[in-house]
Amino acid sequence: MRYLAKEDKLTIDLLKKVGSTTKKKLKDAGLIYLKDILMYHPSRLVELTGMSEDTANKVIEEAIEIIESEEKTTFGLLKASKIAETLEKRKFLHTGSRKLDEILMGGYAVGEVTELAGEYRTGKSQACYTALATAFLPPEEGGLNDGDIGVVLIDAEKTFNPKRMDKIFQRFDLDPKYVLDRTWVGRPKSTIHQKKMIDNLVKVVKEYNVKLVIVDSLTKLPRADFAGRGELYDRQRYILSMVETLRRLADTYQLVVLVTNQVVAVPDTSFVKTQIVKPIGGHVLAHTVDTRLFLSPSKENTRWVEIWDSSWLPPAKTKIMITEAGIADPVEK
């Protein structure tokens, strides 16, 4: 394994209630730390490792006990003042636009899932590609590169082209080979394939010190694979499973996660007949992502970005500019 979190000493070797065979099964599944185990429901742990359900429950219970003891919590509870101290140290990734950074109180938040929703050609992918580049900047420049980091792009839209990154790399003075050698791209062929990629990210994140995960888009394949009204439940179940896994990854490993989302037109029941669009995914997605941004057209190459919903940010709106070198602030006239 190329990367191991130096600060994390809570490995599965601390488990006392299970033997070496069980620990080997966990390691073979890529579960090295106790926090890895807490990512999963017992049934999923059984599926990953082949251990019995009784053993899986025992492993999870002991992992919780050890972590709570190490963190000095009271039955898993923390003082609100401790949480406030943690939030004050929140880290961010530069979006490429200082105006967007400003309404996001610093940029895309580490430890959270940020959704970029909008119609076709509103700049969702370009915003993601800009973040892919800024992630490799040092922290003092708004990046996440505190060493040898990696980025994962799950390109369900199949729009990623390394040549498209050239001007973005030039803008941020990045070596294309350095970045592309550390960017891992997946192109899922179906919803099930995409879900499997996301489920396997826990191994990839540790192996390559991943600091940014992009899914562009989260909803395209579920929308295509579960098209009928009678399949809505299955579609929503897959979307929830994927985004919840991403959210746990973001929180557990302190990553930035960006997901793009498509929209659907809905009937306008008002007297003023205008087309209304809203993100797909319904309440399942809306309630699970941490911050939802909506991109909409403006004049020429500018777009509006609005905070539609957030667990901690107030509603706000700003303009960005879409350029070949990524998203940026509009030119002042």
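It should be emphasised that the depicted structure is a prediction, and the values quoted were computed from it without experimental measurement.

1. Some points on the overall build of the chain
Counting secondary structure elements, the chain contains 14 helices and 13 strands. Here the C-alpha radius of gyration of the chain, 21 Å, is about what a compact globule of 333 residues would show, namely 20 Å. Over its C-alpha atoms, taken along the principal directions, the chain stretches across nearly 65 × 50 × 40 Å. Classification of the 333 residues of the chain by burial places 50% in the buried group. Of the roughly 17300 Å² that the chain leaves accessible, carbon and sulfur atoms contribute 54%.

2. Quick notes on the pattern of salt bridges
Think of it this way: side chains of opposite charge can pair up when their charged atoms draw near. The final tally for this structure, using the stated rule, is 17 salt bridges. A salt bridge links Arg44 to Asp199, with the nearest nitrogen and oxygen atoms 3.5 Å apart. One end of the pair, Arg44, is in helix α3 (residues 42–49); the other, Asp199, is in helix α10 (residues 191–199), with 155 residues separating them in the sequence. Per residue, the accessibility class of Arg44 equals that of Asp199, and both read buried. Note that Glu244 is salt-bridged to Arg248, the shortest N-O span being 3.2 Å. In this pair, Glu244 and Arg248 both sit in helix α13 (residues 232–253), four residues apart, roughly one turn of the helix. Judged by its relative accessible area of 35%, Arg248 falls in the partly exposed class. Ionic contacts of the salt-bridge type, sharing partners, join the residues Arg44, Glu47, Lys195 and Asp199 into one network.

3. Focus on unusual backbone geometry
Of note, the amide linkage connecting Asp216 to Ser217 takes the cis form, showing an omega dihedral of -5°. One can find Ser217 in the loop between β6 (210–215) and α12 (220–225). One non-glycine residue, Gln254, lies in positive phi territory at about 55°. Positionally, Gln254 belongs in the loop between α13 and β7 (256–261). For Gln254, a relative accessible area of 42% gives the class partly exposed. Positive phi, normally seen in glycine, also occurs at Glu300, with a value near 50°. Relative to the elements of secondary structure, Glu300 occurs in the loop between β10 (291–297) and β11 (302–310).

4. Re the packing of α3 against helix α4 (residues 53–70)
Between α3 and α4, the shortest axis-to-axis distance is 9 Å and the interhelical angle comes to 115°. Between α3 and α4, the interaxial angle falls into the category roughly perpendicular. α4 is crossed by α3, and the crossing has right-handed handedness. Contacts between α3 and α4 involve Pro42, Leu45 and Val46 from the first element and Glu53, Ala56, Asn57, Val59 and Ile60 from the second. A per-class count over the contact of α3 with α4 returns six nonpolar, one polar and one charged.

5. Side note on the packing of aromatic side chains
For the structure shown, the criterion picks out six aromatic pairs. With a centroid separation of 6.0 Å and an interplanar angle of 80°, the aromatic rings of Phe136 and Tyr178 are classed as edge-to-face. Here the residue Phe136 occupies a position in the loop between α7 (124–134) and β4 (150–154), and Tyr178 occupies one in helix α9 (residues 176–180), the gap between them amounting to 42 residues. Residue classification places Phe136 among the buried positions, given a relative accessible area of 3%. On the basis of relative accessible area, Tyr178 is assigned to the partly exposed category, the value being 25%. The ring of Trp312 carries Arg90 above its face, with NZ or CZ at 3.9 Å from the centroid.

So, how was this worked out
- Residues numbered from 1 in each chain as written.
- Predicted model: local features only at pLDDT ≥ 70, side-chain atom pairs only at ≥ 80, totals over all residues.
- Heavy atoms only, no water.
- Helix = DSSP H or I, 4+ residues; strand = E, 2+ residues; numbered from the N terminus.
- Rg over C-alpha atoms; globule rule 2.2 N^0.38 Å.
- Buried < 20%, exposed > 50% of the residue type's maximum accessible area, 1.4 Å probe, protein only.
- Areas by Shrake-Rupley, 256 points an atom, 1.4 Å probe, with all protein chains shown as cover.
- Salt bridge = Lys/Arg side-chain N within 4 Å of Asp/Glu carboxyl O.
- Axes fitted to C-alpha atoms, helices over the stretch in contact; angles between N-to-C directions.
- Parallel < 35°, antiparallel > 145°, perpendicular 65-115°, else oblique.
- Left-handed = near helix turned anticlockwise from the far one by under 90°.
- Contact = heavy atoms within 4.5 Å.
- Nonpolar A, V, L, I, M, F, W, Y, C, P; charged D, E, K, R; others polar.
- Phe/Tyr/Trp six-rings, centres within 6.5 Å; stacked < 30°, edge-to-face > 60°.
- Lys NZ or Arg CZ within 6 Å of the ring centre and 35° of its normal.

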